[in-house]
Number of protein chains: 2
Amino acid sequence: MRKLAAGIDIGGTNTALGLVDRDGRTVATACMSTTDHPVLDDYINMLCTTVGRLLAEAGTDAEFAGIGIGAPSANYYNGTIENAANLPWRGVIPIVERIKARFAGVPVVVTNDANAAAIGEMVYGGARGMRDFMLVTLGTGVGSGFVAGGRLIYGHDSFAGELGHIIVMPGGRDCGCGRRGCLETYASAVGIRRTVHELIGNEIMPSVLRSVPFSELTAKMISEAAEEGDPLALAAFEETGEMLGIALANAVAITSPEAIFLFGGLAHAGELIFEPTRRYMEENMLFLYKDKVKLLPSGIDEGRAAILGASALVWDSVNG
Amino acid sequence: MRKLAAGIDIGGTNTALGLVDRDGRTVATACMSTTDHPVLDDYINMLCTTVGRLLAEAGTDAEFAGIGIGAPSANYYNGTIENAANLPWRGVIPIVERIKARFAGVPVVVTNDANAAAIGEMVYGGARGMRDFMLVTLGTGVGSGFVAGGRLIYGHDSFAGELGHIIVMPGGRDCGCGRRGCLETYASAVGIRRTVHELIGNEIMPSVLRSVPFSELTAKMISEAAEEGDPLALAAFEETGEMLGIALANAVAITSPEAIFLFGGLAHAGELIFEPTRRYMEENMLFLYKDKVKLLPSGIDEGRAAILGASALVWDSVNG
């Protein structure tokens, strides 16, 4: 019988669902609104009904292996979502308990999006067979998941892996977390926009980006300008790679991974971001680790990554 | 029958040996020279003979559980000591294989000193019952061992946990590793001596340390001056705590430990170093982790720590 896991990605706007087999093949998918259900009970009902419908679609030869959930502010140990700023429900949500009540006897696991992406990479992607690696998501912010000895590092409270809030520049840029100089103020999609505007202020090199206001500037516009040889856009990638490379070199000294996967948003810029990041990482790395750590793009198709990552939690929890 | 593990600490000058029971009681100890045996075979012979003698001393009611070894540049996975700068033997030494040939059927494990100290803390010390913590050794250099989910993080190549070579000050102090700004150039026994001399150059505050040349200055002299209220010595502890606190706050964002243990050398200065380190750590910590992470002195008696840590490897490897 074919085993299938449900992957659920709870985002601020939409919730994506899918049934996935052990090899990462997506059998059925669905999408529902997150915001349309301000009452938690209604949301859970809709979620479970949708999972049930997908299972029915999958047919009678499928065995249900469990449900994995990727969500912001998720506590893996407690099976809860805790005070998520961008979800409609306040306080601590016992999401695992609530879903288990509807699907008795199957494992239900929740973790945050970056951890789910790391486990997805390990189960289906470029980290198959690796026991020590890290995955860094370069989106609006910077997220990360660390795997050591084949197991995700959750830490004492389940909130390990906040590489985006390593301080890379003491007294540096103002961060939404209330501190200054966090990696994500430099090495995220928002960070590179900030870098472009700082360069516009500090440098006199010409750039098509000088005519774009901050509010309209996107990371994609910066990539496109850099691909055309725009010197300011290229300088912005250089600086972004420098900050990210230094932070990665420091993280390597703690967990000594076989590989680092870059995922999402900025990672799409390809060598524009990989080349300077790799160069500064090697330049700043302790001799013990030099030329050993692979810097790789994620091996997971980004369109399916959220569902795949969430579903991978099931196979990982069964094996672990 | 009483189970006993042998702990062996291989230092640049001496090798300390001891038999230890599961509760951390030392049954018998010995010490031999490391440097007197430039030929590896002679050293291994002497080492194994000494272990045999200790076992004979322990009597016939003891069961031999295995041998744990703490050594510089140790590779846990391969059971080797690799190109240790301060040991008499060049190249890669298959220490585990060589010792196993003499003690057939018992586990033999090697790791570096800081990792052994971390496992010692977990098996016998203040980290008993903890699954996520880190231990930082503040000696001539800065070493560290990270435990996540009850297991030491060895990383891909067994060389994880080099907190001393996190760059805390880009472009900062020259480090023996060939880079600049590493934590150990600030937060070690040597680092605080450098800080004192930098302060002597930069500040005009009076200090008894102004009459001490760098080559004669010790961390203990700085502690003693600080305890007498010497303003420059106090400023040196303040700066040391700041660098260490910032580095710990960043490390916490990766592994989210329950506690951080400070061990050795500088840690003996007590609140002189703990108070500023704790203050700067909290000040620089992401809100998620604030007021959660305990900063503690090691719970292991320092005089016995090297042997205890090494012997703990045996109990840890039996359990893990």
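Refer to the structure presented above.
Report on the accompanying structure. (Residues numbered from 1 in each chain as written. Chains lettered and ligands numbered in written order. Predicted model: local features only at pLDDT ≥ 70, side-chain atom pairs only at ≥ 80, totals over all residues. Heavy atoms only, no water.)

## Describing the sheet that holds strand E9 (residues 133-138) of chain A
All names here are of chain A. How we decide: At least two DSSP bridges between two strands are required for those strands to pair. Put simply, DSSP H or I for four residues or longer makes a helix, DSSP E for two residues or longer makes a strand, and each gets a number counted from the N terminus. Note on contacts: a residue pair qualifies if any of its non-hydrogen atoms lie within 4.5 Å across the two residues. What counts as an axis is a line fitted to C-alpha atoms, over the stretch in contact for a helix, and the angles between N-to-C directions run from 0 to 180 degrees.
Taken in spatial order, the 5 strands of this open sheet run E11-E10-E9-E12-E13, and their pairing is mixed. Looking at the sheet topology across the chains shown, the edges are occupied by strand E11 (151-152) and strand E13 (294-297). Each of strand E12 (259-263) and E13 touches helix H7 (residues 271-283); the most contacted strand, E13, lies at about 160° to it.

## Brief notes about the interface of chain A and chain B
Rule in force here: Note on definitions: salt bridges are taken to be side-chain nitrogens of Lys or Arg within 4 Å of carboxyl oxygens of Asp or Glu. Here a polar contact means two N or O atoms within 3.5 Å. Within protein one must be a hydrogen donor candidate and the other an acceptor candidate, and residues neighboring in sequence count only if both atoms are side-chain atoms.
With 38 residues of chain A in contact, the opposing surface of chain B contributes 38 residues. Inspection of the chain A/chain B interface yields 2 salt bridges. Between Asp157(B) and Lys292(A) there is a salt bridge whose closest N-O contact spans 2.9 Å. Counting the contacts that link chain A with chain B gives 20 residue pairs in polar contact (both at pLDDT 80 or more).

## So, the pattern of salt bridges
Residue and element names in this part refer to chain A. Condition: Burial here depends on accessible area, computed with a 1.4 Å probe over protein chains only, as a share of the maximum for the residue type. Under 20% is buried, over 50% is exposed, and the range in between is partly exposed.
According to the stated counting rule, one finds 26 salt bridges over all chains in the structure shown. Between Arg-279 and Glu-275 there is a salt bridge; the shortest N-O distance is 2.8 Å. On the criterion of helical spacing, the pair formed by Arg-279 and Glu-275 is a turn pair, its members being 4 residues apart in helix H7. The exposure class assigned to Arg-279 is partly exposed, which follows from its relative accessible area of 32%.

## Some remarks on empty space enclosed by the protein
The cut-off we apply is this: Points on a 1 Å grid, built from protein atoms alone, make a cavity when a 1.4 Å probe fits but cannot get out and make a pocket when they are open with protein on both sides within 12 Å along at least 5 of 7 lines; residues with an atom within 4 Å of a point are the lining residues. Grid points are joined across faces, edges and corners, and a volume is the space filled by probe spheres set on the points. Three classes are used, and their members are as follows: Ala, Val, Leu, Ile, Met, Phe, Trp, Tyr, Cys and Pro are nonpolar, Asp, Glu, Lys and Arg are charged, and the others, Gly among them, are polar.
A full pass over the atoms with the stated rule returns 5 cavities of 30 Å³ or more. Put simply, the largest cavity is a space of about 100 Å³. What lines the largest cavity is Ile167(A), Val168(A), Pro170(A), Ile246(A), Asn250(A), Ile166(B), Ile167(B), Val168(B), Pro170(B), Ile246(B) and Asn250(B). At the level of elements, helix H6 (231-255) of chain A together with helix H6 (231-255) of chain B are the ones that each hand at least two residues to the lining of the largest cavity. Grouping the constituent residues of the lining of the largest cavity by class yields 9 nonpolar, 2 polar and no charged. At the level of secondary structure, the elements contributing two or more residues to the lining of the second largest cavity comprise H6 of chain A together with H6 of chain B. A total of 4 residues in the lining of the second largest cavity trace back to one element, the largest contributor, which is H6(B). Looking at the lining of the second largest cavity, its residues break down into 7 nonpolar, 2 polar and no charged.

## A closer look at H6(A)
Residues spaced three or four apart along an α-helix face the same direction, because each turn holds 3.6 residues. Residue and element names in this part refer to chain A. Put simply, the rule reads: Helices are assigned an expected span. That span is 1.5 Å times one less than the residue count.
Between the first and last C-alpha of H6 there are 36 Å, a value that for 25 residues agrees with the 36 Å anticipated at 1.5 Å per step. By the criterion of burial, H6 is predominantly enclosed, with 20 of the 25 residues buried. Sitting at the head of H6, Asp-230 places a side-chain oxygen 3.2 Å from the backbone nitrogen of Leu-232. Trailing H6 by a residue or two, Ser-256 shows a phi angle of about 45°, which is positive.

## Things to note about the packing of helix H5 (residues 219-227) of chain A against H6(A)
Residue and element names in this part refer to chain A. Cut-off, in case you're wondering: Here a crossing is called left-handed whenever its near helix is offset anticlockwise from the far helix by less than a right angle, and right-handed whenever the offset is clockwise.
For the pair H5 and H6, the least separation of the axes is 7 Å and the interaxial angle reads 115°. H6 is crossed by H5, and the crossing has left-handed handedness. Packed against H5, whose contacting residues are Ile-222, Ser-223, Ala-225 and Ala-226, the element H6 presents Ala-233, Leu-234 and Phe-237 at the interface. Each residue belonging to the contact of H5 with H6 can be placed in one class, and the counts come to 6 nonpolar, 1 polar and no charged.

## Notes on the environment of Phe263(A)
Residue and element names in this part refer to chain A. Along the chain, Phe-263 falls in strand E12. A sequence separation of 20 residues divides Phe-263 from Met-243, and the C-alpha atoms of the two residues are 17 Å apart. Phe-263 has contacts with Leu-135, Val-136, Thr-137, Leu-138, Ser-298, Glu-302 and Ala-305, leaving out every residue within four places of it along the chain.

## Observations concerning the pairing of strand E13 (residues 294-297) of chain B
The pairing of strand E12 (residues 259-263) of chain B with E13(B) spans 4 bridges and is classified as parallel. Paired with Ala259(B) across the two strands is Lys294(B), which belongs to E13(B).

## A few points about the relation of the copies chain A and chain B
This is how the line gets drawn: When the copies are overlaid, the least-squares fit takes in C-alpha atoms only where the residue has pLDDT of at least 70 in both copies.
Each copy of the sequence occupies a distinct position, and chain A is placed on chain B by a rotation of 180° and an axial shift of 0.0 Å, giving an RMSD of 0.0 Å. The superposition operator between the copies reduces to a two-fold rotation axis. Interface overlap between copies: 100% of the residues of chain A at the interface are likewise at the interface in chain B, consistent with a symmetric, same-surface contact.

## A short note on the sheet that holds strand E1 (residues 2-10) of chain B
Residues and elements named next belong to chain B. Taken in spatial order, the 5 strands of this open sheet run E3-E2-E1-E4-E8, and their pairing is mixed. Looking at the sheet topology across the chains shown, the edges are occupied by strand E3 (26-33) and strand E8 (108-111). Averaged over all pairs of adjacent strands, the angle between strand axes in this sheet comes to 20°, irrespective of strand direction. Here 7 bridges tie E1 to strand E2 (residues 14-21), and the two strands are oriented antiparallel to one another. Bridge pairing in E2 places Leu-4 opposite Asp-21. Sheet strands in contact with helix H1 (residues 40-58) are E1, E2, E3 and strand E4 (62-70), and its direction is about 155° off that of E3.

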